[in-house]
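Structural features, examined
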Amino acid sequence: MEDYFFETPMEENRECKLYVLIIYDIIDNKKRVKLSKFLQGYGFRIQKSAFEAMLSPKLYHDLKKKIAAFASEEDSIRVYKIIGKGQVTCFGKKEEPDADDVIII
């Protein structure tokens, strides 16, 4: 039987990068698709409305500035910056990024 439980330690000093989790609930389909395409430039999708990213402090602030344009009064976008030693515990399907570096186009 395959083991579906795994833990990923977040390295303490990964070139001063920040581990960021973005989750959202956008009502308008068109706007939701635009947001997901935008977020793919920063990180990778881990669930339908959730992205993870390892960002420099500059990219993190850039993301926060630009992301506000996607939300209206009935929408919700949450950006979590995980500081210090972190650990991700996953159950079920294992989603891993293809590469550590993300290129924003």
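See the structure printed just above.
Rules of the game
Residues numbered from 1 in each chain as written. Predicted model: local features only at pLDDT ≥ 70, side-chain atom pairs only at ≥ 80, totals over all residues. Heavy atoms only, no water. Core = buried A, V, L, I, M, F, W, Y, C linked by side-chain atoms within 4.5 Å. Buried < 20%, exposed > 50% of the residue type's maximum accessible area, 1.4 Å probe, protein only. Helix = DSSP H or I, 4+ residues; strand = E, 2+ residues; numbered from the N terminus. Contact = heavy atoms within 4.5 Å. Expected span 1.5 Å × (residues − 1). Arc of directions from axis to C-beta.

Regarding the nonpolar core
Residues Leu35, Phe38, Leu39 and Leu63 are the most contacted members of the largest nonpolar core, which totals 16 residues. Here this core gets 4 residues from one element, more than from any other, and that element is strand β2 (residues 18-25). Those residues in contact with phenylalanine 38, other than ones at most four positions away along the chain, are Leu63, Lys66, Ile67 and Phe70.

Some thoughts on helix α1 (residues 29-40)
If you check α1, its first and last C-alpha atoms are 17 Å apart, about what 12 residues at 1.5 Å a residue would give, namely 16 Å. Of all the residues in α1, the buried ones are Leu35, Ser36, Phe38 and Leu39. On an axial view of α1, the arc spanned by its buried residues comes to 160°, and they lie on one face. The outward face of α1, more than 90 degrees from its buried face, is lined by the exposed residues Lys30, Lys34 and Lys37. On its buried face, α1 is in contact with β2, β3 (44-47), β4 (50-55), α2 (57-67) and β5 (76-82).

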